[in-house]
Amino acid sequence: MVPRPDTAIPELLAPAGGPRALIAAVNGGANAVYLGLPRFNARRGAENFDPESLRRACDFAHARGVRVYLTANVLVMPDEMGELLALVADAWSAGVDAVIVQDLGAARALRESLPEVRLHASTQIDAHDPATVRQLERLGFARVTLARETPLDRIAEIVRAGGVEVETFVHGALCFSYSGQCLLSSAIGGRSANRGMCAQPCRLPYDLLIDGTVVATPGRYLLSPKDLAAIERLPDLVRAGVSALKIEGRAKAPEYVAVVTAAYRAALDRFAEDPEGWSVLPSELEMLEEAFSRGFTDAYLDGRSGNEMMAYARPNNRGVAVGRVVAADRQRATIALERSLDADDTIEFWTTRGRHAQRVGPLEVRGVRVNAAPAGERATVAVERPVAPGDRVFRVANASLAAAARRTFEPASALDVRVAEVDVDVALKVGQPVRIVVRAEGHEGRAEGPVVEPARTRPVSVEDVVEHVGRMGGTGYRPRSWAVDLDPDAGIGFSVLHQVRRQALEALDEARLRPWRERLVPASVTPPDLPARAPAPATPELVAVVWTPEQAEAALRGGADAVFMRVVRPQDLLAAPRGVWPAFPRVTPQGDVAEWLRAGVPARALAGTLGVLDVLVRAGAQTEADWPLNAMNPWAAATLADLGAHRVWLSPELPGALVRSVVTRSPVPAGVLLAGRLELMVAEHCVLAAAGRCSPSCEACPTRSRRAALRDRKGFEMPIVVDAAGRSHIYNAVPLDLARVLAEVVESGVAAVRLDASVEPPEEVRRLIATLRAAIDGGADARETTLYEPSTTGHYFRRVS
């Protein structure tokens, strides 16, 4: 059955962390794969590809009708842009079909230096509203991967707006913070998620403190979401009109890629055949659980973000429940099985003393040694640690499923799982060269061999030709039809048939892969020129960004030249003191901004998303691009200037040694975050909900007004601010303080320096601003000035990984 237009099946996009995972994805039914090279990709810890294996991967995928997307989805330092362009040029020459990009400057440089490259916007750009997607279209992106937090109704709205393809995640791990907006790993360990080196601190244990006291929570993994599994929502996603469904997992094993890709391929194919009668099969859900699961959720699709989406009890694979211990001694345990169990499986016992995993090993059922035990039986196993009756047992590695998955990518025969069918034409005419022609998908490959001579013994038969020319194993082809023109007395060596068949298939490969192999790229690619800009005045503007009207008034009293107050609702603007401008947050649906502007357009504003920047600029506000827009290089600054930004605040991950190289080539003035607690995360989920005191109205929630923090394993306490929309903002435990290098910062040419206030009381805000004011007015020689104790200089003196 051909699907109706409103149920056109999206591309299934699977991860390929390495060559085996790529084969698994292709054979599992992916329409496209995404992969990375060792540099400039957001999973630098994955196996990844080198230039030669990338070329082979592209050929393998293209021969099977699968597209290949390169991940160049990290922020790029000013001195790295040339290397990035060279890497992409080589990858484009190797045959990739698109490049996934986070850095706006990289997108600009690619568009100007390699205009033929197709650009996809990474989810790291944090696109979650129609206005942002429209901006990305203007910047030359052909596809946008939406933030995982984008609900279904907004996905459909974005698709209806048209202009670019829309891609959304359908399965895999969820970050706690909006992607591209997380600095937690960067701040506490120097390994940046925006640079491909996330250490996953969200999967570590934390205590929740409210007013300085640890409160009871369902578990200690307070930043660890369950995994996304939207297989049951495929009809909704297909009907929303998305162009691609993306499976997360470049750091996962190829077995995982094989199982998950195959499950979604089967579900999508069944939906295409019968949209009205479709439902997910229990076996598909079981396969996904067995592959890897922290528990599954689809909460964001419905706009939900409560405790139901969190894996508080454990941050890693919990597997599937297989039963409970019903009897045990020091050496053995008997398990009442709810699922079958294999001797090679790995199970985990959940005991009162903790959890431990082990291989099952020999099984006994009713006194008989067996290799596998069915559901409903009682199986006895040897135990490596003490267990007790009532303990739950989970399978965390399914041996038979893993073995089946490996058969899709490890044996040589796996290369023939997904093949192109060819029509074969063989001519064996005495006195003429042997000729083999193979045709597939409108392409042709032909080859000729030596002249056919009369047979000296037995002539070649049609059956001989079909058998020997038809040996196409490992080539990616399978014969579909035969046309054999054979003289009855023709003789030919079978090795000749093998050789000519191989040459014909190579010629067919060449014809089919010609669109990629004939690509021309410049011998050398350099970043586009940006004109130098005159340095800013010697006295930079002193800016404060605050949360409350009281902090705003204190900043003005302290001597701030400009104060921006964070706003979450339109009425927040009404409470701001005169002369205080709105700072729109990192997560602001475009409709909310339009509602704010109905009450009047502010003269100045701070924009945290591309969509907000667009709306404010079009309304006539003098708008500054906030640092969450991740301007790390002058090309990113130039892009934001093109979009109307009057000032660009540089990424706090940019080291001080490179600030001048950005400032002096930015078309608009640039500012630097000088002090304050760095906002490490912004998340839809309210961390305070773990305390079990969740109010139905975030705005009226009394817990929000109390002092809250997360305490890590080293005792550091990270303050939490939950805004009126219920979003969590998590701040660094140690404040940033660059006052001692103020002279150096000013000398680099910045037009403004800034204090970001978070949980500081108003009087403390006034003191901090007054101290900075005195340092600036005193000629910026503040080598002895200290704002905070203790404090950090962030990445000013250390280049982030």
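The structure displayed is predicted, hence computed values, not measured ones. Along each chain, numbering runs from 1 in the same order as the chain's sequence is written. Side-chain atom pairs in this predicted model are given and counted only at pLDDT of 80 or more, local residue features only at pLDDT of at least 70, and totals for whole chains, interfaces and linings cover all residues. Each side-chain value is worked out from all heavy atoms of the structure, with water and hydrogens disregarded.

### Here's the deal with the packing of helix H5 (residues 130-138) against helix H16 (residues 610-619)
Phase 1: Relative to each other, H5 and H16 sit at 90°, their axes nearing to 7 Å. One finds that H5 runs roughly perpendicular with respect to H16. Across the interface between the two elements, Ala131, Thr132, Gln135, Leu136 and Arg138 from H5 touch Leu610, Gly611, Leu613, Asp614, Val615 and Arg618 from H16.
Phase 2: Residue composition of the contact of H5 with H16, by class: 5 nonpolar, 3 polar and 3 charged. Lines fitted to C-alpha atoms define the axes here, with helix axes fitted over just the stretch in contact, and angles between the N-to-C directions of these axes take values from 0 to 180 degrees. Note on conventions: DSSP H or I runs of at least 4 residues are helices, E runs of at least 2 residues are strands, and numbering of each starts at the N terminus. Oblique is the label for any angle not covered by the other classes, which are roughly parallel (under 35 degrees), roughly antiparallel (over 145) and roughly perpendicular (65 to 115). What makes two residues a contact is simply this: any of their non-hydrogen atoms within 4.5 Å. Amino acids are sorted into nonpolar (Ala, Val, Leu, Ile, Met, Phe, Trp, Tyr, Cys and Pro), charged (Asp, Glu, Lys and Arg) and polar (every other residue, Gly among them).

### Overview of the sheet that holds strand S27 (residues 477-486)
Phase 1: A pair of strands is considered paired only if DSSP assigns at least 2 bridges between the two. On the basis of which strands lie adjacent, the open sheet formed by 4 strands has the order S25-S24-S23-S27 and mixed pairing. Each of the sheet's edge strands pairs with one partner strand only, and the pair in question is strand S25 (443-451) and S27. The average undirected angle you get between the axes of adjacent strands in this sheet is 15°.
Phase 2: Summarising the sheet, strand S23 (residues 420-428) and strand S24 (residues 433-440) pair through 5 bridges and their orientation is antiparallel. By the bridge assignment for S24, Asp425 is matched with Val437.
Phase 3: Contacting S23, S24 and S27, helix H12 (residues 462-469) runs over the sheet at an angle of about 150° to S27.
Phase 4: Where helix H13 (residues 494-517) meets the sheet, it contacts S23, S24, S25 and S27, and its direction lies at approximately 150° from that of S25.

### Some remarks on the sheet that holds strand S14 (residues 332-337)
Phase 1: Ordered in space as S17-S16-S22-S13-S14-S21-S18-S19, the 8 strands form an open sheet in which the pairing is antiparallel. Only two strands of the sheet have a single neighbouring strand rather than two, namely strand S17 (354-359) and strand S19 (368-370). For this sheet the average axis-to-axis angle between neighbouring strands, irrespective of direction, equals 35°.
Phase 2: Note: strand S18 (residues 363-365) against strand S21 (residues 378-382), 2 bridges, orientation antiparallel. Residue Glu364 lies in a different strand from S21, and its bridge partner there is Thr380.

### Here's the deal with the pairing of S23
Put simply, side chains in a regular strand alternate between the two faces of the sheet.
Phase 1: Within S23, 7 of the 9 residues are buried, leaving the element largely enclosed by the surrounding structure.
Phase 2: Sheet analysis places S23 next to S27, joined by 9 bridges and oriented parallel. Opposite Glu421, over in S27, you have Arg478 as the bridge partner.
Phase 3: Here S23 folds back onto S24, and the loop between the two strands holds 4 residues, one of which, Gly431, carries a positive phi near 90°. Here the term buried applies to any residue with accessible area under 20% of the maximum for its type, exposed to any over 50%, and partly exposed to those in between, with areas from a 1.4 Å probe on protein chains only.

### Looking at a nonpolar patch on the surface
Phase 1: Like-charged residues are merged into a patch within 9 Å and nonpolar side chains (Val, Leu, Ile, Met, Phe, Trp, Tyr) within 5 Å, provided each residue has over 30% relative accessible area and no salt bridge. Note on areas: these come from Shrake-Rupley sampling with a 1.4 Å probe, and a residue is covered only by the protein chains present in the view. Any carboxyl oxygen of Asp or Glu that lies within 4 Å of a side-chain nitrogen of Lys or Arg is treated as forming a salt bridge with it. A surface patch of nonpolar side chains, amounting to about 200 Å² of accessible area, comprises Val462, Val466 and Trp482.
Phase 2: Topologically, Trp482 is positioned in strand S27.

### A few points about the nonpolar core
Phase 1: Put simply, a nonpolar core is a bunch of buried Ala, Val, Leu, Ile, Met, Phe, Trp, Tyr and Cys residues held in one set by side-chain atoms that sit within 4.5 Å of each other. With 212 residues, the main nonpolar core has Leu136, Leu208, Leu223, Tyr264, Leu640, Leu650 and Leu710 as its most contacted residues.
Phase 2: It is helix H9 (residues 254-273) that provides the largest number of residues to this core, a total of 10 residues.

### Section: the pattern of salt bridges
Phase 1: Counting across every chain of the model gives 70 salt bridges.
Phase 2: Between Arg220 and Asp207 there is a salt bridge whose closest N-O contact spans 3.1 Å. With Arg220 in the loop between strand S9 (213-214) and strand S10 (227-229) and Asp207 in strand S8 (residues 207-210), this pair connects stretches of sequence that are 13 residues apart.
Phase 3: Arg220 sits in the partly exposed class, given a relative accessible area of 38%.
Phase 4: Taking the relative accessible area as the measure of exposure, Asp207 reaches 19% and is therefore buried.
Phase 5: Residue Arg569 pairs with Glu699 through a salt bridge whose shortest N-O separation is 2.5 Å. Placement of the pair is Arg569 in the loop between strand S30 (562-566) and strand S31 (580-583) and Glu699 in the loop between strand S36 (679-683) and strand S37 (708-711), with a sequence separation of 130 residues.
Phase 6: Shared partners join several salt bridges into a network, and the residues in it are Glu11, Arg67, Arg118, Arg143, Glu165, Glu167 and Lys246.

### Digging into the packing of aromatic side chains
Phase 1: Under the pairing criterion, centres of Phe, Tyr and Trp rings, with the six-membered ring standing for Trp, must be within 6.5 Å; the plane angle then separates stacked pairs below 30 degrees from edge-to-face pairs above 60, leaving the rest tilted. On inspection of all chains with the given rule, the structure shows 3 aromatic pairs.
Phase 2: Between Phe271 and Trp278, the aromatic rings sit 6.0 Å apart at their centres with planes inclined by 85°, giving edge-to-face as the arrangement. Like Phe271, the residue Trp278 is buried in the burial classification.
Phase 3: Ring centres of Tyr796 and Phe797 lie 5.0 Å apart, and the angle between their planes is 85°; on these two criteria the pair is classed as edge-to-face.
Phase 4: For Tyr796, a relative accessible area of 9% translates into the label buried.

### A closer look at helix H6 (residues 152-161)
Phase 1: When H6 is considered as a whole, its buried residues turn out to be Leu152, Ile155, Ala156 and Ile158. Seen end-on, H6 carries its buried residues on one side only, within an arc spanning 160°. Exposed positions of H6 whose direction lies more than 90 degrees from the buried face are Asp153 and Arg160.
Phase 2: In this structure, the buried residues of H6 make contact with H5, strand S7 (165-172) and helix H8 (234-240). Read the arc as the range of directions from the helix axis to the C-beta atoms.

### Looking at the environment of Glu441
Phase 1: When you line up the elements, Glu441 lands in the loop between S24 and S25.
Phase 2: Given a relative accessible area of 57%, Glu441 falls into the exposed group.
Phase 3: Along the backbone, Glu441 and Gly241 are 200 residues apart, and their C-alpha atoms lie at a distance of 28 Å.
Phase 4: Setting aside residues no more than four positions away along its own chain, Glu441 makes contact with Ala420 and Arg512.
Phase 5: Within polar-contact distance, the side chain of Glu441 engages the side chain of Arg512 at 2.9 Å. Any pair of N or O atoms that falls within 3.5 Å is considered a polar contact. Within protein, one atom must be able to donate a hydrogen and the other to accept it, and sequence-neighbouring residues count only if both atoms are side-chain atoms.

### Some points on the environment of Leu401
Phase 1: Positionally, Leu401 belongs in helix H11 (residues 399-406).
Phase 2: Sequence separation of Leu401 and Ser305 is 96 residues, and the distance between their C-alpha atoms is 32 Å.
Phase 3: When neighbours within four sequence positions are excluded, Leu401 is seen to be in contact with Val259, Met287, Glu290 and Ala291.

### Side note on helix H20 (residues 762-777)
Phase 1: Every helix has an expected span of 1.5 Å times one less than the residues it contains. With 16 residues, H20 extends 22 Å between its outermost C-alpha atoms, agreeing within 8% with the 22 Å of an ideal straight helix rising 1.5 Å per residue.
Phase 2: Here H20 has its buried residues at Val765, Leu768, Ile769, Leu772, Arg773, Ala775 and Ile776. One side of H20 holds all its buried residues, which, seen down the axis, span an arc of 165°. Opposite its buried face, H20 presents the exposed residues Ala774 and Asp777, each directed more than 90 degrees away.
Phase 3: In this structure, the buried side of H20 is in contact with strand S29 (541-546), helix H14 (549-558), strand S35 (670-676), helix H19 (742-747) and strand S41 (752-756).

The values are spatial; any link to function lies outside them.
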